Amino acid sequence: METLGAIIGVFVLTILLKWRFDPLYSIPAIGPSFPVLSYIGAYRYCTNTRAVLEEGYSKYNVFKVAMLDQWLVVVSGADLNEELSKVPESYATSHKAAQDLSQLRYTFSESVADQPIHVTTIRGPLTKNLGIIFDDVVDEVHAAFADTIGSKMQGDDWISIAPMTVMSVIISRASNRVFVGLPLCRNEDYLNIVRGFTFDALNARFILSLFPKSMKGIIGPFIPWARRATRKASVYIRPIIEDRINKLRELGEKWADKPKDYITWAMEEAEREGQPTQVVIESLMFANFAAIHTSSKSMTQALYHLAECPVLAAPLREEVEEVIRDHGWTKVAMSKMWKLDSFMRESQRFNGITHIAIMRKTSQDTTLSDGTVIPAETLVAGASTATHHDARNYENPTVFDPFRFANMRAEDDAHIKHQFVSTSPGYVAFGHGKYACPGRFFAVNELKVMMAYILLHYDVKFKPGQERPENSSRWHVVVPGHADVLFKKRLPVPA
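Cut-offs applied
- Within any chain, residue numbers begin from 1 and follow the written order of that chain's sequence.
- Only residues with pLDDT of at least 70 get local features here, since the model is predicted, and only at 80 or more are side-chain atom pairs given and counted; chain-wide, interface and lining totals rely on the full set of residues.
- Hydrogen atoms and water are omitted, and side-chain values are computed over all heavy atoms in the structure.
- Strands are runs of DSSP state E lasting at least two residues, helices are runs of H or I lasting at least four, and both sets are numbered from the N terminus onward.
- Accessible area is worked out with a 1.4 Å probe on protein chains only. A residue is then buried under 20% of its type maximum, exposed over 50%, and partly exposed in between.
- Residues count as neighbours in contact if any of their non-hydrogen atoms are within 4.5 Å of one another.
- In this scheme, strands are said to pair when DSSP sees at least two bridges between them.
- Orientation is described by lines fitted to C-alpha atoms, with helices fitted over the stretch in contact, and by angles between N-to-C directions that extend from 0 to 180 degrees.
- For patch building, the residue pool is restricted to those with more than 30% relative accessible area and no salt bridge; the joining distance is 9 Å between like charges and 5 Å between nonpolar side chains (Val, Leu, Ile, Met, Phe, Trp, Tyr).
- Using a 1.4 Å probe, the Shrake-Rupley method yields the accessible areas, and only the shown protein chains count as cover for residues.
- One speaks of a salt bridge when a side-chain nitrogen belonging to Lys or Arg is within 4 Å of a carboxyl oxygen belonging to Asp or Glu.
- Asp and Glu are treated as the negative residues and Lys and Arg as the positive ones, with His and the ends of the chain left uncounted.
- Charge positions come from single atoms, namely NZ of Lys, CZ of Arg, CG of Asp or CD of Glu.

### Here we look at unusual backbone geometry
Turning to step 1, where the next piece is worked out: A cis amide bond links Leu182 with the next residue in sequence, Pro183, at an omega value of 0°.
Turning to step 2, where the next piece is worked out: For Pro183, the position within the fold is in the loop between α10 (163-179) and α11 (188-209).
Turning to step 3, where the next piece is worked out: A positive phi angle, close to 50°, is found at Ile358, a residue other than glycine.
Turning to step 4, where the next piece is worked out: Within the element layout of this structure, Ile358 appears in strand β5 (residues 356-362).
Turning to step 5, where the next piece is worked out: Judged by its relative accessible area of 4%, Ile358 falls in the buried class.

Shown next, in the form of structure tokens:
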């Protein structure tokens, strides 16, 4: 018995010493920090993320929250958001943070984790060619709405739609018009594959988040969804890539009508890096994931706000009609829709896609301006939802004010900083700084085209007695509540 008691004593002492001398010990925790008991805090963080982060935000400049596999350090306030965004890459990286939080190697593929050509493709040629591809986005948005909603309408009857489902269909078509072009962007089997892949990846990420680090490498390979979806999509994508490779070899610079789309640009990036065709396919799947899951949520939230307060449609519609009449369905027109831009930006501020932003993984000890030392190999992020509901950053932050940013633009000579696409230390929906979301320029234009189309062609409302559903969370991810939205065709529909 004495031997057993001694063993237990040594074991407990070891745990106490490890806890006390943990490099993160000095950073205050929200919830229990003692070994094993920290899992209670992790459960609360998983199920009530927003409240946990807001508690820490209100108490500390820097704090930590428990996850099942590690601690997440969170910085509070716009100033520290700015500081975190400027930490050199040699001290903290965004891609390693994404690998940790999303388990890219298992939820997507090894190439997405190790050769992220999607980042350079989206940040470079896709963004630079927005003006060229814009007409294709408009054409596909119009066609997709006609096929998914317009085809179901009978006269002036109201029809009920599930926003998240329908918006994901339209976004998958519009995005793939730019990713793979016609006719594949309208192939239902292919679109079902990439949409299924998107939501399967989210589920796989959640499942892996429930296991400690030591088990992820064991469990991860047994989650087959990403590999299975990629194999199915390859049946459609690989022949396109191989055909283009042959034409490039045959025509070279003389290929006058070379497609300007994601596949072409990713092929060129892969060739520069010496990567095979499979890497292009896997990067395309990740691009689909990023486009579909974020933009579907953004559109769903915006539709809920419009359905909750249908009178908002009148001033938004008036602006859209005037701008389209003067400038047509052009990228320039989108930039002139200040009220629509404000409405979409405010919806993103009010709801968000995730509760954290500016995610980084430290590679060496990093000291913040307040003296806090963040040890190497630590996940650190800003509290985006808490930042967006901070009265120091916004007047009446708990109120949805659709024209908040339009009014700010009217009063500020530097009005560009209040655009939907712009980031700042106080607006981090797309992150902030050098590593802010590279796809936001494409996404914002796509979302505005979609909402402009809805305003011109439909009236929108909730069923009688239906209120805007509350958001929930799965770890950091904001999950829109579910409620059907009623659509009715506007007659006469503007040209």
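More follows now that the structure is in view.
### Section: the environment of Ala226
Turning to step 1, where the next piece is worked out: Along the chain, the position of Ala226 falls in helix α13 (residues 225-251).
Turning to step 2, where the next piece is worked out: Note: C-alpha distance between Ala226 and Thr107 (119 residues apart in sequence) is 6.1 Å.
Turning to step 3, where the next piece is worked out: What Ala226 contacts, discounting residues up to four positions off in sequence, is Tyr106, Thr107, Phe108 and Phe197.

### Let's talk about the sheet that holds β5
Turning to step 1, where the next piece is worked out: Pairing in this open sheet of five strands is mixed, and the strands run β1-β2-β8-β5-β3 from one edge to the other. Single-partner strands in this sheet number two, and they are β1 (62-66) and β3 (92-93).
Turning to step 2, where the next piece is worked out: Bridge analysis of strand β2 (residues 71-75) against strand β8 (residues 379-383) gives four bridges, and the strand direction is parallel. Bridge assignment links Val73 to a residue of β8, and that residue is Val380.
Turning to step 3, where the next piece is worked out: On top of the sheet, helix α5 (residues 94-102) reaches β3, β5 and β8; it is set at about 100° to β5, its chief contact.

### Some details on a positive patch on the surface
Turning to step 1, where the next piece is worked out: A contiguous patch of positive charge on the surface is contributed by Arg227, Arg228, Arg231 and Lys232.
Turning to step 2, where the next piece is worked out: Tracing the sequence through the fold places Arg228 in helix α13.

### A closer look at the sheet that holds strand β4 (residues 159-161)
Turning to step 1, where the next piece is worked out: Read across the sheet, three strands follow the order β4-β12-β9 without closing on themselves; strand pairing throughout is antiparallel. The open sheet terminates on both sides in strands that have one partner only, identified here as β4 and β9 (458-461). Adjacent strand axes in the sheet meet at a mean angle of 35°, parallel and antiparallel pairs treated alike.
Turning to step 2, where the next piece is worked out: As judged from the four bridges shared by β9 and strand β12 (residues 485-489), these two strands associate in the antiparallel manner. The residue bridging Asp459 from the neighbouring strand is Lys488, located in β12.
Turning to step 3, where the next piece is worked out: Strand contacts of helix α21 (residues 440-457): β9 and β12, with the helix running at about 100° to β9, the strand carrying the most contacts.

### Points about the pairing of β8
Turning to step 1, where the next piece is worked out: Burial runs high along β8: five of the five residues are buried.
Turning to step 2, where the next piece is worked out: The pairing of β5 with β8 spans four bridges and is antiparallel. By the bridge assignment, Lys361 is partnered in β8 with Leu379.

### Structural notes on the side chain of Ser102
Turning to step 1, where the next piece is worked out: Along the chain, the position of Ser102 falls in helix α5.
Turning to step 2, where the next piece is worked out: Residue class for Ser102 comes out buried when judged on its relative accessible area of 12%.

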